[in-house]
Amino acid sequence: TSVLVVTFGRIGDMLGRVRMYNAGCVVFTVASIGLALVPGHGGAAALELIALRILQGIGGALLIANSTAILTDAFPVDQRGTALGINQVAAIAGSFIGLILGGVLADIDWRLVFWVNVPIGLLATAGAYLGLRETSRSRTRVTVDWWGNLTFAAGLIMLLIGITYGIQPYGGHTMGWTSPLVLTLMIG
């Protein structure tokens, strides 16, 4: 999600923020359904879950990258702070509720963690397609800085992998911050 937000924000500027937001609703919801329906067990199921979580992350990036821009376009200057604040409170509340609800539901059946997204996703998708309209001003011909986005993505991926391995044991240490792999990734 974090890697793609910058790119999807720029593409939203080019193709339409509402169009990209609507696509994000669909992709996120379809991925949630797929995650809840993963049929396999073991290694194959793990790979399916990873692939579908990546797809869900793509949907999330489409939503995150364009929601703030849509609010900025839709609200007058004197109401933007309130609109953006409510959006952030909703996002943070959703994160906390998701952690708690996910823990409770996973204890019953891990698939419920993904099913809980489906009705919300369906309502959000219907609401977005029915209620949102492009309001941004005229579009100019612009391009995406692909090299900049790729280097940003590579750097962020290296940083996140470095942190992930840094908090795991390495050698005789409880943490892996001195691991050559971690140091290489973090410095890179």
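Preceding this section is the structure that the text describes.
Residues numbered from 1 in each chain as written. Predicted model: local features only at pLDDT ≥ 70, side-chain atom pairs only at ≥ 80, totals over all residues. Heavy atoms only, no water.

A. Molecular detail of the overall build of the protein. Along its length, the protein carries eight helices and zero strands. Start at the N end of the protein and walk to the C end: the helices and strands fall as α-α-α-α-α-α-α-α. Dimensions of the protein along its principal axes, counting C-alpha atoms only, are 60 × 40 × 30 Å. When each of the 188 residues of the protein is scored for burial, the buried share is 29%. As presented, the protein carries roughly 11700 Å² of accessible surface, and 72% of it is formed by carbon and sulfur atoms. (Helix = DSSP H or I, 4+ residues; strand = E, 2+ residues; numbered from the N terminus. Buried < 20%, exposed > 50% of the residue type's maximum accessible area, 1.4 Å probe, protein only. Areas by Shrake-Rupley, 256 points an atom, 1.4 Å probe, with all protein chains shown as cover.)

B. Quick look at the packing of helix 2 (residues 17-36) against helix 6 (residues 117-131). One can describe the packing of helix 2 onto helix 6 by two numbers: an axis separation of 9 Å at closest approach and a directional angle of 160°. Taken as axis vectors, helix 2 and helix 6 run roughly antiparallel relative to one another. Where helix 2 crosses over helix 6, the handedness of that crossing is left-handed. Here Tyr-21, Asn-22, Ala-23, Cys-25, Val-26, Phe-28, Thr-29, Ser-32 and Ile-33 of helix 2 come into contact with helix 6, specifically with Asn-117, Val-118, Gly-121, Leu-122, Ala-124, Thr-125, Ala-128 and Tyr-129. Among the residues forming the contact of helix 2 with helix 6, the class breakdown is eleven nonpolar, six polar and no charged. (Axes fitted to C-alpha atoms, helices over the stretch in contact; angles between N-to-C directions. Parallel < 35°, antiparallel > 145°, perpendicular 65-115°, else oblique. Left-handed = near helix turned anticlockwise from the far one by under 90°. Contact = heavy atoms within 4.5 Å. Nonpolar A, V, L, I, M, F, W, Y, C, P; charged D, E, K, R; others polar.)

C. Fine view of the nonpolar core. Counting seven residues, the largest nonpolar core consists of Phe-8, Ile-11, Met-20, Ala-61, Leu-62, Ala-65 and Val-144. If you list the elements that add at least two residues to this core, you get helix 1 (2-15) and helix 3 (42-74). Counting residues per element, this core draws most heavily on helix 3, which supplies three residues. Those residues in contact with Leu-62 that lie beyond four places of it in its chain are Phe-8, Met-20, Tyr-21, Ala-23 and Gly-24. (Core = buried A, V, L, I, M, F, W, Y, C linked by side-chain atoms within 4.5 Å.)

D. Summary view of helix 3. Helix length check: helix 3 (33 residues) gives 47 Å between terminal C-alpha atoms against 48 Å at 1.5 Å per residue, within 8%. The largest bend along helix 3 reaches roughly 30° and is located at Asn-66. (Expected span 1.5 Å × (residues − 1). Bend = angle between axes of the 7 residues up to and from the residue.)

E. Main features of the pattern of salt bridges. If you walk through the whole model with that rule in mind, you get two salt bridges. Sharing partners across several salt bridges, the network here consists of Asp-13, Arg-17 and Asp-73. (Salt bridge = Lys/Arg side-chain N within 4 Å of Asp/Glu carboxyl O.)

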